[in-house]
Amino acid sequence: MNLDDFKVLISKEEIENRLCELAKEIEKDYEGKEITVVCVMRGACFFTVNLTLKIKNLIKYEFIELSSYDDKTESSGKVRIVNDLRNSIEGKDVLIVEDIIDTGRTMDFLVKYLKHKNAKSVKICTLADKPSRRVIDIKADYVGFTVPNKFIIGYGFDVDNKYRNLPYIAYLDE
Ligand code: 5GP
């Protein structure tokens, strides 16, 4: 797979505009509250930075690295923690910031894990959503873009840890 196999799906400008809208929604819903953002590494780190720079609330950051893909374009179905949270999230209003919800397995695992760690509230903000691929019925509270059932790269999305730094989202044109 190389870059010529991909076509632009969502431009840099579209992403920027949508992030402004999401930030406003989040500020309204969390008015006066501190937010503990849990960034799901590594795909969501670009989204997390660019989104939260637009949010005025007091934000604490936690990072968790999960894996279900094993460097392939198909999910293995098993979710595991590669790097865990650093600090306790007990009693915190947690906002998970994720790159994409595909089958829903990763988010289902993470929401249960954070609730088990006694977060006060857990919400999900995802840059992309592929509802057509869902295996587990899970919905995000904030969705950047609903995308078709195509493999995407760019803006944090990778293939073999490459192309994350493309400023737009592109899809595999098969
Ligand atoms: P789920 O557990 O919902 O099936 O998968 C979530 C994870 O699969 C995401 O965090 C992401 O890392 C990966 N993933 C799902 N679809 C895509 C895609 O189209 N492109 C890339 N690069 N990763 C994807």
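Parameters at a glance
Residues numbered from 1 in each chain as written. Predicted model: local features only at pLDDT ≥ 70, side-chain atom pairs only at ≥ 80, totals over all residues. Heavy atoms only, no water. Helix = DSSP H or I, 4+ residues; strand = E, 2+ residues; numbered from the N terminus. Rg over C-alpha atoms; globule rule 2.2 N^0.38 Å. Buried < 20%, exposed > 50% of the residue type's maximum accessible area, 1.4 Å probe, protein only. Contact = heavy atoms within 4.5 Å. Areas by Shrake-Rupley, 256 points an atom, 1.4 Å probe, with all protein chains shown as cover. Lys, Arg positive; Asp, Glu negative; His and termini not counted. Charge placed at Lys NZ, Arg CZ, Asp CG, Glu CD. Expected span 1.5 Å × (residues − 1). Core = buried A, V, L, I, M, F, W, Y, C linked by side-chain atoms within 4.5 Å. Arc of directions from axis to C-beta. Phe/Tyr/Trp six-rings, centres within 6.5 Å; stacked < 30°, edge-to-face > 60°. Near = heavy atom within 4 Å. Polar contact = N/O pair within 3.5 Å; in protein donor to acceptor, adjacent residues only side chain to side chain. Nonpolar A, V, L, I, M, F, W, Y, C, P; charged D, E, K, R; others polar.

A.B. asks: Tell me about the overall build of the protein, residues and numbers included.
C.D. replies: Each helix and strand in the protein was counted, giving three helices and nine strands. In sequence order, the protein lays out its α and β elements as β-α-β-α-β-β-β-α-β-β-β-β. Here the C-alpha atoms of the protein give a radius of gyration of 15 Å, agreeing with the 16 Å that 2.2 N^0.38 yields for 174 residues. Looking at the protein residue by residue over its 174 residues, the buried ones come to 47%. Partitioning the intrachain contacts of the protein with sequence separation of at least 6 by distance along the chain shows that 67% fall at a separation of at least 24. About 9,300 Å² of surface is accessible on the protein, with carbon and sulfur atoms providing 47% of the total. One finds the centroid of the 28 positive side-chain charges in the protein at a distance of 3 Å from the centroid of its 30 negative side-chain charges.

A.B. asks: Outline helix α3 (residues 105–116), listing residues and values.
C.D. replies: An ideal rise of 1.5 Å per residue puts 16 Å on 12 residues; α3 measures up with 17 Å between its terminal C-alpha atoms. Taken residue by residue, α3 has Thr106, Met107, Asp108, Leu110, Val111, Tyr113 and Leu114 as its buried positions. Remark: Asn118 follows α3 within two positions and exhibits a positive phi of approximately 65°.

A.B. asks: So what's going on with the nonpolar core? Which residues, and what values?
C.D. replies: In terms of nonpolar packing, the biggest core is built from 27 residues, with Ile26, Phe47 and Leu51 touching the most fellow members. Where this core is concerned, the elements lending two or more residues are α1 (12–29), β2 (35–41), α2 (45–52), β5 (93–101), β6 (121–129), β7 (142–146) and β9 (169–172). Dropping the residues within four chain positions of it, Phe47 is found in contact with Leu19, Leu22, Val97, Glu98, Cys125, Thr126, Leu127 and Tyr155. Formed by 20 residues, the second largest nonpolar core is a distinct cluster that contains Val79, Tyr113, Val122 and Ile138.

A.B. asks: Account for α1, naming residues and giving values.
C.D. replies: Look at α1: 26 Å from first C-alpha to last across 18 residues, which is about the 26 Å you get at 1.5 Å a residue. Every buried residue belonging to α1 is among Ile15, Arg18, Leu19, Leu22, Ala23 and Ile26, and all of these are buried. Projected down its long axis, α1 carries its buried residues within an arc of 145°, all on one side. Exposed side chains of α1 directed beyond 90 degrees from the buried face belong to Glu13, Lys24 and Lys28.

A.B. asks: I'd like to hear about the packing of aromatic side chains, residue by residue, with values.
C.D. replies: In the structure shown here, the tally under the stated rule is two aromatic pairs. Ring plane angle 55° and centroid distance 6.5 Å describe the contact between Phe6 and Tyr163, whose orientation is recorded as tilted. Taken as a pair, Phe6 in strand β1 (residues 6–10) and Tyr163 in the loop between β8 (152–153) and β9 lie far apart in primary sequence, 157 residues in all. For the pair Phe109 and Tyr113, a centre-to-centre distance of 6.2 Å together with 5° between the ring planes defines the contact as stacked. Remark: Tyr113 and Phe109 occur in helix α3; sequence separation between them is four residues, near one turn of the helix. You can call Tyr113 buried: its relative accessible area is 15%.

A.B. asks: How would you sum up the site of the ligand? Please name residues and give values.
C.D. replies: Near the ligand lie 16 residues; those nearest to it are Asp99, Thr103, Thr106, Ile152 and Asp158. A distance of 2.8 Å separates an oxygen atom of the ligand from a polar backbone atom of Asp102. Taken together, the elements giving at least two residues each to the shell around the ligand come down to β5 and α3. The biggest single contributor to the shell around the ligand is β5, with four residues. A per-class count over the shell around the ligand returns six nonpolar, three polar and seven charged.

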